Each structure stands twice: as C-alpha cells, then as structure tokens.
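Structural overview
Each chain, letter by letter, is given below.
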Amino acid sequence: MDLLTQVRTSAAIAVGKAARTASRLRGGGSALPGLVTEKVDPRILAHTLGELAHGVVVVSGTNGKTTTTKMLVAVLRAHGLSVFTNPTGSNFTRGVISSMLGEVGLSGRLKADVAVVELDEAHSLKFAQVVKPTHSLLLNVARDQLDRFAEIDHTAQLLASLAEQTHGSVVLNADDAFIARIADVVQPGVGIEWFAVDPEIADQLPAIQEDDVRFSDPADAPTLGPAAGLLHPHDAKSFTIRYPGGSNVGPLELRQRGLAAMINSTAATTMARVLLDERFVPATAQMALERVNPPFGRGEVIDAGGCPLELVLVKNPAGFTVALGTYGNEPVASMVAINDNYADGRDVSWLYDVSFESLRSRGVALTSGVRAYDMALRLQYDDVQVDRVEPDLDEALDSFLAAHQGEPTRIFCTYTAMMHLRRRLSTKFDLARFGEDPENE
Amino acid sequence: MSESTNQDQASKGEVHLVHLYPRQMSIYGDLGNTRAMAARLRWHGYTPVVHDHHPGAQWPEQAHLVLGGGGQDSGQVRVQEDLDAQADRLRELANDGVPMLMICGMYQLMGKAFITVEGKRLPGLGILDVTTQGNATRMIGPVVLETEFGTVVGYENHSGSTVLGEGQAAFGKVLHGNGNNPEDGDEGARTNNVIGSYLHGPILPANPALADSLLEIAAIRATGSWLPNEIDDSIATQAHQRQVTRLTDR
Ligand SMILES: [Zn+2]
C-alpha cells in the first residue's frame, strides 16, 4: 500500500470501528459499520484481503454454501491456518467489511492466512469487482430466489463471470452441467479441479438436479483427473471421499444428515486439498469434518420436551427433494409450513416441481403458514393425506406437538416460517443457547 | 375425490393430453398444470393419457387438450425448430377448437411476433394476435384476474410486454398485478379455446373452475359428452379465496 492509500484505509477503519462500537451500544449488529467504512474507502476490502498469504476463496452456488463454507473453514483451521470468514447470510460486501472490523488493526492488516467468504451468485460478482478471488468453489445452480435472479441461465452466467475473475484455481461440480461448463471460460493458467459423486450412486443425482438442461451428450462431461474428489457413500451416514491419485479421506460420518451434506463435504475437502497442497493431511481433514455442527436450520435436531424435533429448511425444489429423500426412509409425524414473504420467495409454484410421494405412507399431520392451503392442495394432488390445515404458525405448532407427545417429529419449513417457529420453540422449551453455535464462541 | 370408487366403475373414456416440451418449457411448476388435469380427469371418472412431446418426437395420434409452459431463454431456443415443424398442425388444431393453455414463454410463442431488446423481430405461430416486446425490467408478483371463469389467481414472472392486436380478446382483466404489460390492464389472450397467459402458480390447481372448463371441452371432443363427478375442491377454494382477499379486499 502506498502512503495515501494507507491513510485512507486507516481513516475508513477508524470510522467503521467507531460505528461498530456505537451500533453495539444500541444493541444490534448491523451492516452499518461496513457501510460507513466502505464510504470512506471503497477499496477497503481489496486493501485488507488482497494481501493474505493463502489468498481469498469465494464459495458460491444455490444450495449448500453455508454448510460447505463451515466445513472448509474447519478443515483449514484444523491444519493450523488462521481463517477469516463472513457470518452466514451477510451476503454483501458490507457484511464482510463489518465482520472484518473486529479483526483488523488500523493499519488495515488482517491477522489471517486466508479468507473464505460465502456469497450468493449476484453478490459474489460484486465482491469480485473489488477483490479478485484467488480461488472459487462453485457448487450448483438451481431454481431459487427466482424473484431476484429470474432465470437459471442468468444465475449460471453470474457464476461463470466469477470464475473468469478468479486467478488461482477453481473447484467445480462435475455433476452439475451448468457448473461443469464453466471450465470453458476460466483464464489460461488458472487451475481447474473437480468434485463429483462416484458413478455408483450417480443414478440418485437426477432427482436433486435441474431436469431441463443436462448434458445432451455424455461426451461433453468433464474428464476427472487423479486429484478429483469422488464421493463414495457406504450407507445413509458413512462415506469416503476418494482421491484416485492420493490418500482417501474417511470412512467418516457427519453430524449433519443427508446426501447433500456429503456432497458439500466432498466439495470443501477438495478445495482444502487445492489450497493446502502437500500440507493436506487426510486424517486431520476427517477429524475436522466430523466435528462440524449443522448450520442453523439444516438438519437441526431440537430437544422438544424429551423428544427429538427436526427442523428442516426448504427453499427450492432441489433442496426439498433432497430433504424428502434423506428423511423418506424414516417417516415420523410431519408438519409443513410455507410462507411467501420476500425471504421465502414469493412464488409458491416451485412446490409443483417437488414430488411428495414419499410422504404418502405416513401422511402429513398439519400444513401451516401463509400458504398453508396451497401446500395442502399440492399434497392433495400427490394423494398425501393431510389431517389439518392451520395457517397460524403458533396455533399449528402447539397442536402438532400436543398431538404427538412422546414421539419424534419433523417440520419442513421455509425461511421466515422457520424463524418464527424457532422463536416459539425457544420460549416453549427454554432453549437459552438455541441457535448459537458453540464453535463460534 | 376418492379414486378407488372411480376405479370400480367403468371409465367414461380416454382423454389425451399433450404437454409441449416438458423438459425445456415448464419452469416455475408449470408441469403442475398437466398433473392437475390428469388427476382431475381421474377424479371425474375418465382415463387420462398424457403425451410428453419432446423436440423431434412424433406427434401423438390424438390430442384433446394441449398444454405448454414457460422456459429459460436457452429452452426456447432448443424447441424453436420443432415448434416450426409443428406450426401448421397446431394452427389447424386451434382453428378446430382444441383447447390449449399456453403459459408465459409458450404464450409468447403462440403470438404473432416477439421483438427482442435489440429490436430483432422473431415470428411466432400467429395463433393469438399478440405481439411481445422484450424489456429490461421484469414484471414479477402475485396476480388476480377477473375472467369469464370467475376470479383467477396466479404468479407472473416475465420481462416481455405483450400487446393485443385489434379485436383480440384478453384472457382476463387485471385486479392485482401487471398482466400483459403495466398499462392496459389486460392479461393473456383468448381465441377459440386457446388461452395464453403469463400466470404460473401453477394456474390450474389454483383455479379449478378454469381447469374443469377446459376439461369439459376436451372430454366432449374425446367422448362426445361431459359427465363430471362431484369433486371436493374445498382446499383449492380456500387457497384461491385467501389470495383474492389478501390482494384485492374482495
Ligand atoms: Zn413466466
């Protein structure tokens, strides 16, 4: 940094820190400190993150960003690296700056070896305009947040642009045609590595991927080299990540359930291998992965008066399909809560892109939320018995739990319905630390 | 709505549904329209035969109802050639009174032309006298219409602005939302029994009166009569009415 840049950066950080203190005193974390810092020095992120020894990793894609980021951070930390990361959901450069203010001196020097940031498709591109990522980990493209991005083609284009601006290496999902095609646009000299599902269970993939634009010709599929990470599941819980040209990771079991989590851990581990190169230790990675707690709302199990209650966040057809596939083998009393606020996605059409047949044997005890009747109607068309429709979430939760005392229960819910239900549950069962992650203390 | 009782009785006849390009053109749950029609036919005591028509495939021998949905730009490009090949047949069927429901992208393709943002004019099938102008801004959100089938609820998500030709009937009047474009207050278009509309939702499960009106025409064409059963649509009616009340104070 030259002197003038240094002065501006220091000034920006000082202003930001002051705003951070002020906003803490008012009792709320917010993006405001990041906003004022960015106003004083728009290139603040480039100055602080641009100088990290192991670079800047962006994790993006429609589904699994939060889980994958957590796993990647855990594996890197287990290898002794100091990692800067952004809190879940702070999908804006401002959120990244706000979280950085706590960890940076006025010099603008961040005490970290590497930054791993989770960003959605649109924001990852905005971020890349300020900080060129050294590495990008691109997971998948699915229908989600359509109100914002409108079309899958457009979303895929955003991720392709991110890859184009990455100057170290990209790690890509070989099983997602949208992501795999991105290999064609990376700059010359930029490394490409793949993660994929072992062919053995590849037949399960169509259900969790977009149906409409697959490889028309299998010859277009990417060739996986010896450093590709291959997910090889043994049963519903145990799996190995195979590296044909190196040592495998596993067999291991995650705290989070489901095939999607296994795929995410394969993605994270493959990126960690690229970053750490010869320093990568399979046993260290395995230990770290086995200790990662499920992020908020992803396969979270709550102690509801002595019985397990699973809260399952559903936000798009691929996610809901995976969730049903994961839980379908163990049917328990279920409730589905669908809201259509902005954060949920205002269009509920996507429910018709999910098959609910796996709920048929046990039925659904209750549908709830603003679109409770639309959900019940959807289930009616799949011949799934619905015992009751109750749009009011509190009323629904109380009667659901009362009717199923002493047995395990499960609630599939959209984002704002989940936030509402969590609040109610934490009061009801006095879950003081509910929603906090002990690892982040 | 009990299916088992229906299965005990003799079927009232086969009704053939054709879904145009289900892989490329059924974004936002439009596939739900076909599922709903097949289910309702069963509930009414008929035997549905669903033909998924993919690009390059042979046209089925019978078509009593044709359905199409919205798609990605890439999807539209990939069906264009087949649509050209089927153009004369689709125009004939439309003239003959075959009911068709075309949503979003397929609605635009049924029109006279689509004019891209760059000003390029892409000809459509001309079954509906509408012209669509590509736009930078999207029209997105829940919609309520007044139509001859009663109120219709759905969800629009399109960047094309569509204008009706002189004498072209709309599908409905907009009570909430944009419809064809932000100015006219019209939504969709209707000629003979061909309906074009921007409404996802999907539109048919959410509006059973519309669904059964189309099925009536299809069943008469297929079997010579329409002998519906009593269907319990109370859940659909609740879902429908709640959207109407929420968005229009009705
Ligand atoms: Zn649309």
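Just so we're clear, the structure is a prediction, and the values are computed from it rather than from any experiment.

1. Section: the interface of chain B and chain A
- At the junction of the two partners, chain B supplies 37 residues and chain A supplies 31 residues.
- Buried area between chain B and chain A, both sides added, is near 3,000 Å², and the carbon and sulfur share of it is 51%.
- If you sort the residues of chain B by the area they bury against chain A, B:Tyr28, B:Gln72 and B:Ile235 come out on top, with a joint share of 20%.
- At the boundary of chain B with chain A, the tally comes to 2 salt bridges.
- B:Arg246 is the salt-bridge partner of A:Asp340, the closest N and O atoms lying 2.7 Å from each other.
- Linking chain B to chain A there are 4 residue pairs in polar contact (both at pLDDT 80 or more).
- Here the side of chain B that touches chain A is composed, by residue class, of 15 nonpolar, 12 polar and 10 charged.

2. Points about the confidence of the model for chain B
Residues and elements named next belong to chain B.
- Per-residue pLDDT for chain B has a mean of 92; in total, 96% of the residues score no lower than 70.
- Throughout residues 1-6 the model reports pLDDT below 50, and contacts reaching past four residues in sequence, or to other chains, amount to 11 contacts.
- Both confidence scores are given for the complex: pTM 0.74, ipTM 0.94.

3. Section: the confidence of the model for chain A
All names here are of chain A.
- Residues of chain A with pLDDT of at least 70 account for 76%, and the chain-wide mean is 82.
- Within chain A, the element-level pLDDT minimum falls on helix α7 (residues 146-149), averaging 46, and the maximum on strand β13 (residues 364-368), averaging 98.
- Here residues 145-149 scores under 50 on pLDDT; set against residues more than four positions off or in separate chains, the count is 19 contacts.
- With pLDDT under 50 throughout, residues 435-441 is counted as low confidence; its partners more than four residues away or in other chains account for 10 contacts.

4. Digging into the environment of A:Arg255
All names here are of chain A.
- Its location among the elements puts arginine 255 in the loop between β9 (249-253) and α10 (259-276).
- For arginine 255, a relative accessible area of 44% puts it in the partly exposed group.
- Expressed as a C-alpha distance, the spacing of arginine 255 and glutamate 310, which sit 55 residues apart in the sequence, is 13 Å.
- Not counting chain neighbours up to four residues away, the residues in contact with arginine 255 comprise Glu290, Arg291, Val292, Asn293 and Pro294.
- Reaching out from arginine 255, the side chain makes a polar contact with the backbone oxygen of glutamate 290 at a distance of 3.3 Å.
- Among the polar contacts listed, one links the side chain of arginine 255 to the side chain of asparagine 293, at a separation of 2.8 Å.

5. Some thoughts on the sheet that holds β13(A)
Residue and element names in this part refer to chain A.
- Taken in spatial order, the 6 strands line up as β10-β11-β15-β12-β13-β14 in an open sheet, and their pairing is mixed. Across the chains shown, the open sheet's two edge strands, defined by having one partner strand only, are β10 (300-304) and β14 (386-390). Ignoring strand direction, the axes of neighbouring strands in this sheet form an average angle of 20°.
- The pairing of β10 with strand β11 (residues 307-313) spans 5 bridges and is classified as antiparallel. Bridge pairing in β11 links isoleucine 302 to leucine 309.

6. Looking at the packing of helix α6 (residues 121-130) of chain A against helix α8 (residues 152-164) of chain A
Residues and elements named next belong to chain A.
- The N-to-C vectors of α6 and α8 enclose an angle of 25°; their axes lie 9 Å apart at closest approach. When the axes of α6 and α8 are compared, the pair comes out roughly parallel. Regarding α6 and α8, the two cross each other, and that crossing is left-handed. Taken together, the residues of α8 that come into contact with α6 (itself represented by Glu121, Ala122, Ser124, Leu125 and Ala128) are Thr155, Leu158, Leu159, Ser161 and Leu162.
- Looking at side-chain class alone, the contact of α6 with α8 contains 6 nonpolar, 3 polar and 1 charged residues.

7. Here we look at the nonpolar core
- Of all hydrophobic cores here, the largest spans 56 residues; its most connected members are B:Leu20, B:Met37, B:Met106, B:Ile203 and B:Leu204.
- In this structure B:Leu204 touches B:Asn33, B:Met37, B:Leu67, B:Leu101, B:Leu210, B:Ala211 and B:Leu214, once residues within four positions along its chain are discounted.
- With 41 residues, the next largest nonpolar core counts A:Val131, A:Phe178, A:Ala183 and A:Ala228 among its residues.

8. Some remarks on α6(A)
Residues and elements named next belong to chain A.
- In terms of residue burial, α6 counts as a mostly covered element, since 7 of its 10 residues are buried.
- Turning to α6, its buried residues number three or more, namely Glu121, Ala122, His123, Ser124, Leu125, Phe127 and Ala128.
- A side-chain oxygen of the first residue of α6 lies 3.2 Å from the backbone nitrogen of alanine 122; this N-cap is aspartate 120.

9. Quick notes on the coordination of the zinc ion
Residue and element names in this part refer to chain B.
- Every protein donor of the zinc ion is accounted for by Cys104 (SG), Asn157 (O) and His200 (NE2), and the metal-donor separations fall at 2.1 to 2.6 Å.
- Expressed as a motif, the donor residue spacing for the zinc ion is C-x52-N-x42-H. In this pair, cysteine 104 is assigned in the loop between β4 (100-103) and α4 (105-110) and asparagine 157 in strand β9 (residues 150-158), connecting sequence segments 53 residues apart. Asparagine 157 shares its class with cysteine 104; the two are buried.

10. Side note on unusual backbone geometry
- Residue A:Gly250 is joined to A:Pro251 through a cis peptide bond whose omega torsion reads 5°.
- In this structure, A:Pro251 sits in strand β9.
- In the segment running from B:Gly201 into B:Pro202, the intervening peptide bond is cis, with an omega of -20°.
- Inspection of the secondary structure assignment puts B:Pro202 in the loop between β14 (194-197) and α5 (203-206).
- Unusually for a residue other than glycine, A:Asp277 sits at a positive phi of about 50°.
- The residue B:Asn192 is not glycine, and still its phi comes out positive at about 50°.

11. Comments concerning helix α11 (residues 282-290) of chain A
Residues and elements named next belong to chain A.
- All of the buried residues in α11 are Thr284, Ala285, Ala288 and Leu289. The buried residues of α11 all sit within an arc of 130° when viewed along its axis, so they share a single face.
- Structurally, α11 contributes buried residues whose contacts are with α4 (65-78), β8 (238-242), β9 and α10.

12. Side note on the pairing of strand β11 (residues 172-176) of chain B
Residue and element names in this part refer to chain B.
- Two elements, strand β8 (residues 139-147) and β11, share 3 bridges in a ladder whose sense is antiparallel. Each bridged residue has a counterpart across the sheet, and for valine 144 the counterpart in β11 is histidine 176.
- Two strands pair when backbone bridges link them, and β11 and strand β12 (residues 186-187) are joined in this way by 2 bridges, in the antiparallel orientation. Bridging across to β12, glycine 172 finds its partner in glutamate 187.

Reading the values: the criteria
Residues numbered from 1 in each chain as written. Chains lettered and ligands numbered in written order. Predicted model: local features only at pLDDT ≥ 70, side-chain atom pairs only at ≥ 80, totals over all residues. Heavy atoms only, no water. Contact = heavy atoms within 4.5 Å. Buried area = accessible area lost by both parts, 1.4 Å probe. Salt bridge = Lys/Arg side-chain N within 4 Å of Asp/Glu carboxyl O. Polar contact = N/O pair within 3.5 Å; in protein donor to acceptor, adjacent residues only side chain to side chain. Nonpolar A, V, L, I, M, F, W, Y, C, P; charged D, E, K, R; others polar. pLDDT = per-residue confidence, 0-100. Helix = DSSP H or I, 4+ residues; strand = E, 2+ residues; numbered from the N terminus. Buried < 20%, exposed > 50% of the residue type's maximum accessible area, 1.4 Å probe, protein only. Pairing = 2+ DSSP bridges. Axes fitted to C-alpha atoms, helices over the stretch in contact; angles between N-to-C directions. Parallel < 35°, antiparallel > 145°, perpendicular 65-115°, else oblique. Left-handed = near helix turned anticlockwise from the far one by under 90°. Core = buried A, V, L, I, M, F, W, Y, C linked by side-chain atoms within 4.5 Å. Donors = N, O, S within 2.8 Å, 3.2 Å for Na, K, Ca; no water. Arc of directions from axis to C-beta.

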